[in-house]
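# Analysis of the macromolecular model
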Amino acid sequence: MAVLINEQIKADEVVLTGLAGEKLGVVSKSEALAMARSQGVDLVCTSLMSSPPPCSLVAKGKGKALAQKEAAASKTNVGRAARNSGKEKVKELRFTAHIEEHDYDTKLRQADKHLRSGKPVQLVVKASGAKEAPVAKAVLERLLVDLKEAGVKDTGIQTGGKGSQVKLNPR
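Computed from a predicted structure; not experimentally measured. (Residues numbered from 1 in each chain as written. Predicted model: local features only at pLDDT ≥ 70, side-chain atom pairs only at ≥ 80, totals over all residues. Heavy atoms only, no water.)

## Let's talk about the packing of helix α3 (residues 101–116) against helix α4 (residues 133–146)
The condition is simple: In this analysis an axis means a line fitted to C-alpha atoms, helices contributing only their contacting stretch, and an angle means the value between N-to-C directions, from 0 to 180 degrees. Note on conventions: DSSP H or I runs of at least 4 residues are helices, E runs of at least 2 residues are strands, and numbering of each starts at the N terminus. By definition in this entry, angles of less than 35 degrees are roughly parallel, angles greater than 145 are roughly antiparallel, angles of 65 to 115 are roughly perpendicular, and the rest are oblique. Here is the rule for handedness: rotate from the far helix to the near one, and if that takes an anticlockwise turn smaller than a right angle the crossing is left-handed, while a clockwise turn gives right-handed. Working rule for contacts: check all heavy atoms of both residues, and any pair within 4.5 Å makes them a contact.
Following both chains from N to C, one finds α3 and α4 inclined at 50°, their axes separated by 11 Å at the closest point. As far as their axial angle goes, α4 and α3 are oblique. The element α3 and its partner α4 pack so that their crossing is right-handed. Side by side, α3 and α4 meet where Glu 101, Tyr 104 and Leu 108 of the first sit next to Arg 142, Leu 143 and Asp 146 of the second.

Structure follows, in structure tokens:
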């Protein structure tokens, strides 16, 4: 949203608010600028969404500060939107290659809960050495079979070095 000051305002008429917040009604832009000059203040327009646009008389310099504040606020909001768009939080669940049955069931329930709530899950099985990599892959394959009703594979099982991983998307 742009903040327009004095001559930047293009509208022929404006809804004017005084220094103390009093409503002065609809006046021509030239009349509003003349009032601002005579009082030594700025004419500031904060919204272009209505016709005529609402403008107010603001102490000299405050209009520029308000414009900078608005610009900074819109810049941070755009940055946040860009960072968050297209990125979905993926819940990562970590397992060990030799996981106990009770721990496996607990993690399985967590993965199922996340998938059923519509969130993707990254399943990671760490192996303590390269010799345990086949065991890690077997744990992942078992998880895929147990979670086939709640989720579908987004990536194949990726095996590397000391572990394996796979990403599941909700059905």
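## Here we look at the packing of aromatic side chains
Stated formally: Two aromatic rings, drawn from Phe, Tyr or Trp (for Trp, its six-membered ring), form a pair once their centres lie within 6.5 Å of each other, and the interplanar angle then sorts them: stacked below 30 degrees, edge-to-face above 60, tilted otherwise. Look at NZ for Lys and CZ for Arg. If either is within 6 Å of the ring centre and within 35 degrees of the ring normal, a charge sits over the ring.
Under the definition given, this model contains 0 aromatic pairs. Taking the ring centre of Phe 95 as reference, the NZ or CZ of Lys 107 above it sits at 5.9 Å. Here the basic side chain of Arg 142 rests over the ring of Tyr 104, its NZ or CZ set 3.8 Å away from the ring centre.

## With respect to the environment of Glu 141
Note the cut-off: Each residue is placed in one exposure class: buried if its accessible area under a 1.4 Å probe, protein chains only, is under 20% of its type's maximum, exposed if it is over 50%, and partly exposed if it falls in between.
By the element assignment, Glu 141 lies in helix α4. You can call Glu 141 partly exposed: its relative accessible area is 40%. Along the backbone, Glu 141 and Ile 157 are 16 residues apart, and their C-alpha atoms lie at a distance of 8.3 Å.

## Description of the nonpolar core
The line we're drawing: Definition of nonpolar core: a set of buried residues of the types Ala, Val, Leu, Ile, Met, Phe, Trp, Tyr and Cys, connected through side-chain atoms within 4.5 Å.
Leu 123, Leu 143 and Leu 147 are the most contacted members of the largest nonpolar core, which totals 20 residues. Elements supplying a minimum of two residues to this core: β6 (91–96), α3, β7 (121–126), α4 and β10 (163–170). The dominant element in this core, judged by the number of residues it contributes, is α4, at 5 residues. If near-sequence neighbours (up to four positions away) are discounted, Leu 143 is found in contact with Phe 95, Tyr 104, Leu 108 and Leu 123. By size, the runner-up hydrophobic cluster in this structure holds 13 residues, among which are Val 27, Ala 36, Leu 43 and Cys 55.

## Some remarks on the sheet that holds strand β2 (residues 13–17)
Within a sheet, adjacent strands bond to each other through the backbone by hydrogen bonds, running parallel or antiparallel. To be explicit about the condition: Here the rule is simple: two strands pair whenever DSSP picks up at least two bridges between them.
One open sheet accounts for 5 strands, arranged β1-β4-β5-β2-β3; its pairing is mixed. Taken across any chain shown, the strands that pair with only one partner, and hence form the sheet edges, are β1 (4–5) and β3 (23–28). Relative to strand β4 (residues 41–45), β1 runs antiparallel, the two sharing 2 bridges. Bridge assignment links Leu 4 to a residue of β4, and that residue is Cys 45. Against the sheet, helix α1 (residues 29–39) engages β2, β3, β4 and β5 (54–59), with an angle of about 120° to β3.

## Some points on α4
Rules: One less than the number of residues in a helix, times 1.5 Å, gives the span that helix is expected to have. The directions from the helix axis to the C-beta atoms form the arc being described.
Over its 14 residues, α4 extends 20 Å from the first C-alpha to the last, a length consistent with the 20 Å expected when each residue adds 1.5 Å. Within the span of α4, buried status applies to Ala 133, Ala 136, Val 139, Leu 140, Leu 143 and Leu 144. For α4, the angular spread of buried residues about the axis comes to 140°, placing them on one side. Along α4, the residues that are exposed and aim more than 90 degrees away from the buried face are Pro 134 and Val 145. Packed against the buried residues of α4 are β6, α3, β7, β8 (151–153), β9 (158–160) and β10.

## Points about the pattern of salt bridges
Quick note on the threshold: By convention in these notes, a salt bridge is any Lys or Arg side-chain nitrogen within 4 Å of a carboxyl oxygen on Asp or Glu.
Tallied over the entire structure, the rule returns 5 salt bridges. The partner of Glu 92 in a salt bridge is Arg 94, and the shortest N-O contact between them spans 2.7 Å.

## Some points on a negative patch on the surface
Stated formally: Patch definition: residues above 30% relative accessible area lacking any salt bridge, with like charges linked at up to 9 Å and the nonpolar side chains Val, Leu, Ile, Met, Phe, Trp and Tyr linked at up to 5 Å. Under the convention used here, a 1.4 Å probe and the Shrake-Rupley method define accessible areas, while residue burial counts only the protein chains that appear. Positive residues here are Lys and Arg, negative ones are Asp and Glu, while His and the chain termini are left out of the count. Note on charges: their place is set at NZ of Lys, CZ of Arg, CG of Asp or CD of Glu.
There is a patch of like negative charges on the surface, built from Glu 100, Asp 103, Asp 105 and Asp 146. Tracing the sequence through the fold places Glu 100 in the loop between β6 and α3.

## Remarks on α1
What α1 keeps buried is the set Ala 32, Leu 33 and Ala 36. An end-on view of α1 places all buried positions within 100° of arc, on one side of the element. Structural note: α1 exposes Ser 30, Arg 37 and Ser 38 on the side pointing more than 90 degrees away from its buried face. Where α1 is buried, its residues contact β2, β3, β4 and β5. Looking one or two residues beyond α1, the residue adopting positive phi is Gly 40, at roughly 70°.

Read these as spatial facts, not as claims about activity.
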